[in-house]
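Chain by chain, the residues:
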Amino acid sequence: MIDDKIGGGFSSPPSRAWLTLRDSSEVGWDLGLRPDQVDYWVRCPSVYSHKVPIVRPMALHELSALWDFLLPGDDELPNALRKKLVISFLHGPPGKIIRKFSFGPLRHLWKQLDRSAPCEVSTGRNIDYSLIEVEDMGVKASHLKATKADDAPVDFELWAWPNESELETFARNFLRLACFTFWKLNLVREAFRWLNYSPDSIPSERTLNKLAIIDCLTRSSNSTFWEWDDGSRLFFWRWQHWWKSARDGEILFHEADPPHWMGRNLPAPSPHYETLLRKKEAKLVHRRYLEFGFVDSIVPRFGVPKGEDDIRLVWDATRCGANETLWAPSFWMPVFRTISDLIIKRLPCSVSDYFSGKIPTNPSLSDWRVPHQSDMDVGEMFLNYMLHYSERHFFGARIVTGEGEHEVCRTMRFQRLLFGGRPCPFLAVQGHARAIELITGDIADTKNALGWTRVITNWPFDFGYDPSMPRVIRVRHDGEMAPGFPAFVDDGRISGVSKQICDSATHRFCTKVNYLGEQNASRKRRPASTTPGAWTGKMLWTHESHPIKGILPEKWKIQRDGLLALKALIDEGSPVERKLFMSVTCRGMSQTEVYWDLRPYYKSFYNALEAWRSNRDEEGWKMDDPELETDDVFDLVDDNSSVPASVDVTAEVKRDLEALLLFYESESQFFCLCDHDSLQTLHTWGETPLQPRTAPASKTQMERVLFGLVIGDPMKLQRVPTGEKLLI
């Protein structure tokens, strides 16, 4: 390993080199004891000194060979980079050990690799779609569910090949364990290296850093490859200029002094329900999300159903009066239109070539792009972020353990954001938005799966404007559309113009989530597919030539039953309860994100809900009265205590209800084309609408969506024939 062709050196080493001096004939050093140092000296022969051995520092390639690694030459890498590479080698085990333990498992896995190029299919402009046939494999029924239980098992098949043997599974698990062990060791080195060079020189701040790092490392050491069994804490030293907020949390905005409330928890509807709530509380205590300390107020808790056999633990900070004294800003949240603008129709070329007019006349099967979507979830979203230590005594919790005479009540307090506090949704979404910015990284990096280099605009009246494409498209260095990755609180939807791009973006996003200390819930992962499950209750599928959208069947049925119940009450002349009327209105407005044409029909429903206010007329419209004009909108808000228990149904509500019932006459939901143009249903000046290819929609239903529900008087519903030109 010692190169005798290196000359120079000294007949005797400098005084500082005696501690690291070795003779070339002796046993080498344990380089892993000083992984950050490369100043080792050796006494060795040289061709330039035949009689007397020389003493010189070891070269980088000699140190690398001593640790069983091959280092590139000077002509391939600069010296500074070669030094960093050697230090990275020394931080791990010797190369011989790595090769010994990894060769066997990798040899079994390598046999299953499919080296054939992936075959992708897409559709584009001026293409005969009937010539394209796509076999959609679909996804498992468990992946179509909108929600999953917190203790749902991880679907390991997503990270395995079909019909994988036991030996291959063992090899894969062995490699995971080896890599995970190295990850934990590297995390310890990185954390204490940052602590030694931390920007804070104040002793109290250094103490906070040390305690926080110990907490982070304890939780990570007790975790597994798939789960954070001991809870998690943000690796705050990786959060750049937000590191103090990630370590301590944000100070809340108080509009008044918090109340002193020491009441009891709300009663559970059944003993089984109470047992589920206590299991959730025990998990918080076990993972140290609650701590002992002085408490000024108790926050009661209750549960709401989650999925089929799980509940969500909610802390009612409104009941104890804490929410009334706190202020939280409004904030932006992605909607269904957000993900629909990140999906395009199938193209036989890159999106850059598509808008440049470079569309192949006879594209091969491998030229087509099929958009795919996958889902990831951030586990324990609110509990990932710290509650500032100056705010914790306002949020106490009454924890009950045991049964009957052996029940023990303990008072603890939150050290994480609680689900039910007024500012907590904003702080959690703000923290995850910062994480997304860090995850995105350098967008100009060509190796970044989430990056892009330029933007294409697709505005009306532009040359080559295509209403079936999004208005703004981010383009990568290779001309492909960059993947999208919006997140609705903890639910992330990642999209790409091909399965490979979608998988690469999902891999980077999920690994970076764990890198920052957030929890990537592997049990809630849904694979890349053209027919993914629901996101915020809506579905967007790309298994056809153009994207189609729809809602969940159960949500369709609930809304249909609600409208029929309203119709029955109105026909009977019975009063309509405000709670029922409001639930139908709110649910319908949510579904108008998919069925945009229905939005005007719910306006009368909203007006009926607000008709009791003093500044509204009998139909619920705001009165145009100069005496009521004011700069403060809150001056016109009446006391909510005077809200009537029932709603006066107006003539407009009855008329629009008839139109909505015609739309929901089918017992099963249907899909419609996902048009990126906001005026997707107004076909004016002789425009001929596009013929859809969607199932399971009927032709009559599709025409109602595409060509408008009502022409003229809503009481005289008419269906417009296919292809008829409208002037609205």
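Residues numbered from 1 in each chain as written. Predicted model: local features only at pLDDT ≥ 70, side-chain atom pairs only at ≥ 80, totals over all residues. Heavy atoms only, no water.

Turning our attention to the overall build of the protein. A tally of helices and strands in the protein yields 16 helices and 22 strands. Out of the 728 residues in the protein, the part that is buried amounts to 47%. For the protein, the proportion of contacts with a sequence separation of at least 24, taken over those separated by at least 6, is 70%. (Helix = DSSP H or I, 4+ residues; strand = E, 2+ residues; numbered from the N terminus. Buried < 20%, exposed > 50% of the residue type's maximum accessible area, 1.4 Å probe, protein only. Contact = heavy atoms within 4.5 Å.)

Attention shifts here to the nonpolar core. Core analysis: the largest hydrophobic core is formed by 63 residues, its most contacted members being Phe236, Trp237, Trp239, Trp315, Phe395, Phe414 and Phe509. Among the elements that take part in this core, helix α10 (residues 424–440) stands out by supplying eight residues, more than any other. Residues Ile339, Ile570, Leu598 and Val653 belong to the second largest nonpolar core, which totals 32 residues. (Core = buried A, V, L, I, M, F, W, Y, C linked by side-chain atoms within 4.5 Å.)

In this section: the sheet that holds strand β5 (residues 290–291). Strands sit in the order β5-β11-β10 across an open sheet of three strands; the sheet is antiparallel. The sheet is open, and its two borders are formed by β5 and β10 (396–401), each paired with just one other strand. Taken together, the two bridges between β5 and strand β11 (residues 408–414) define a ladder with antiparallel strand orientation. Bridging across to β11, Glu291 finds its partner in Arg413. (Pairing = 2+ DSSP bridges.)

Take helix α11 (residues 499–515) next. Over its 17 residues, α11 runs 24 Å from end to end, which matches the ideal 24 Å to within 8%, given 1.5 Å per residue. Where α11 is concerned, the buried positions are Ile501, Cys502, Ala505, Thr506, Arg508, Phe509, Cys510 and Val513. One or two residues past the end of α11 sits Gly517, with phi positive at roughly 100°. (Expected span 1.5 Å × (residues − 1).)

In this structure, Ala191 sits in helix α4 (residues 166–196). Ala191 gets classed as buried once you look at its relative accessible area, which sits at 0%. When the C-alpha atoms of Ala191 and Asn209 are compared, they prove to be 9.8 Å apart, with 18 residues separating the residues in sequence. Look past the residues within four positions of Ala191 in its chain and what remains in contact with it is Ile213, Leu217 and Trp237.

Strand order in the open sheet formed by three strands is β18-β19-β22, and the pairing between neighbours is antiparallel. The strands lining the two open edges of the sheet, one partner per strand, are β18 (538–541) and β22 (672–673). Where β18 lies against strand β19 (residues 548–551), four bridges are found, and the strand directions are antiparallel. Considered in β19, the bridge of Met539 is made with Gly550.

Our next topic: unusual backbone geometry. Positive phi, normally seen in glycine, also occurs at Phe461, with a value near 75°. Looking at where Phe461 falls in the secondary structure, it is placed in the loop between β12 (454–457) and β13 (472–475). Owing to a relative accessible area of 85%, Phe461 belongs among the exposed residues under this scheme. The backbone of Val489 sits at a positive phi, close to 60°, despite the residue not being glycine. Position of Val489 among the secondary structure elements: in the loop between β14 (487–488) and β15 (491–496).

Pairing is possible between side chains that carry opposite charge, provided their charged atoms lie close to one another. Per the counting criterion, the structure on display carries 31 salt bridges. The residue Glu652 makes a salt bridge to Arg655 at a minimum N-O spacing of 3.8 Å. With Glu652 and Arg655 both in helix α15 (residues 651–663) and three residues apart, the pair spans about one turn of that helix. On the basis of relative accessibility, which here comes to 27%, the residue Arg655 falls in the partly exposed class. Several salt bridges share partner residues, and in doing so they unite Asp215, Arg219, Asp230, Arg233 and Arg288 into one network. (Salt bridge = Lys/Arg side-chain N within 4 Å of Asp/Glu carboxyl O.)

All told, the structure shown has 28 aromatic pairs when counted by the stated rule. For the ring pair Trp183 and Trp228, a centre distance of 6.5 Å and an interplane angle of 85° mean the geometry is edge-to-face. Taken together, the residues Trp183 in helix α4 and Trp228 in the loop between α5 (203–221) and α6 (243–248) connect sequence positions 45 residues apart. According to the relative accessible area criterion, Trp183 is partly exposed, its value standing at 25%. (Phe/Tyr/Trp six-rings, centres within 6.5 Å; stacked < 30°, edge-to-face > 60°.)

As a further point, take the side chain of Thr542. Among the structural elements, Thr542 can be located in the loop between β18 and β19. Under the relative-accessibility criterion, Thr542 is labelled buried at 2%. Leaving out residues up to four positions away in the same chain, Thr542 has contacts with Ile343, Arg346, Val370, Pro371, Gln373, Thr530 and Pro547.

On the surface, Val455, Trp459 and Val472 cluster together to form a nonpolar patch covering roughly 260 Å² of accessible area. Considering the arrangement of structural elements, one finds Trp459 in the loop between β12 and β13. (Patch = residues over 30% accessible without salt bridge, like charges linked within 9 Å, V, L, I, M, F, W, Y side chains within 5 Å. Areas by Shrake-Rupley, 256 points an atom, 1.4 Å probe, with all protein chains shown as cover.)

The next subject is the packing of helix α12 (residues 553–572) against helix α13 (residues 578–591). Interaxial distance between α12 and α13 falls to 10 Å at its minimum, and their mutual angle equals 140°. Taken together, the axis directions place α12 and α13 in an arrangement best described as oblique. Along this stretch, α12 crosses α13, giving a crossing that reads as left-handed. From α12, Lys555, Trp556, Ile558, Gln559, Gly562, Leu563, Leu566 and Leu569 reach across to α13, where they touch Leu580, Phe581, Val584, Arg587, Gly588 and Gln591. Residue composition of the contact of α12 with α13, by class: eight nonpolar, four polar and two charged. (Axes fitted to C-alpha atoms, helices over the stretch in contact; angles between N-to-C directions. Parallel < 35°, antiparallel > 145°, perpendicular 65-115°, else oblique. Left-handed = near helix turned anticlockwise from the far one by under 90°. Nonpolar A, V, L, I, M, F, W, Y, C, P; charged D, E, K, R; others polar.)

What follows concerns helix α2 (residues 79–90). End to end, α2 covers 17 Å across 12 residues, agreeing with the expected 16 Å (1.5 Å per residue, within 8%). For α2, every residue scored as buried is listed here: Arg82, Val86, Ile87, Phe89 and Leu90. For α2, the arc enclosing every buried residue in end-on projection is 155°, short of the 170-degree limit, so these residues lie on one face. In α2, the exposed positions that point more than 90 degrees away from the buried face belong to Ala80 and Lys84. (Arc of directions from axis to C-beta.)

It is worth spelling out the packing of α4 against α5 at this point. Remark: α4 packs on α5, axes separated minimally by 11 Å, with the N-to-C direction vectors making an angle of 180°. Relative to α5, α4 is oriented roughly antiparallel. Two secondary-structure elements touch here, α4 through Phe180, Trp183, Lys184, Leu187, Val188, Ala191, Phe192, Trp194 and Leu195 and α5 through Arg206, Asn209, Lys210, Ile213, Leu217, Ser220 and Ser221. Considered class by class, the residues forming the contact of α4 with α5 number 10 nonpolar, three polar and three charged.

Moving on, we come to the confidence of the model for the protein. Here the protein averages 79 in pLDDT, and 77% of its residues register 70 or above. Considering only residues more than four positions removed or in separate chains, one finds that residues 629–637, a stretch of pLDDT under 50, has six contacts. Note that residues 678–728 has pLDDT below 50 and, in this model, 89 contacts with residues that lie over four places away or in other chains. (pLDDT = per-residue confidence, 0-100.)

Bringing the environment of Pro553 into the picture now. Along the chain, Pro553 falls in helix α12. Its relative accessible area of 40% is what places Pro553 among the partly exposed residues. Placed 16 residues apart in sequence, Pro553 and Gly537 show a C-alpha to C-alpha distance of 9.9 Å.

As for its placement among the helices and strands, His507 is situated in helix α11. Take His507: its relative accessible area is 54%, and that puts it in the exposed class. Separated by 58 residues in the primary sequence, His507 and Ala449 have C-alpha atoms spaced 8.8 Å apart.

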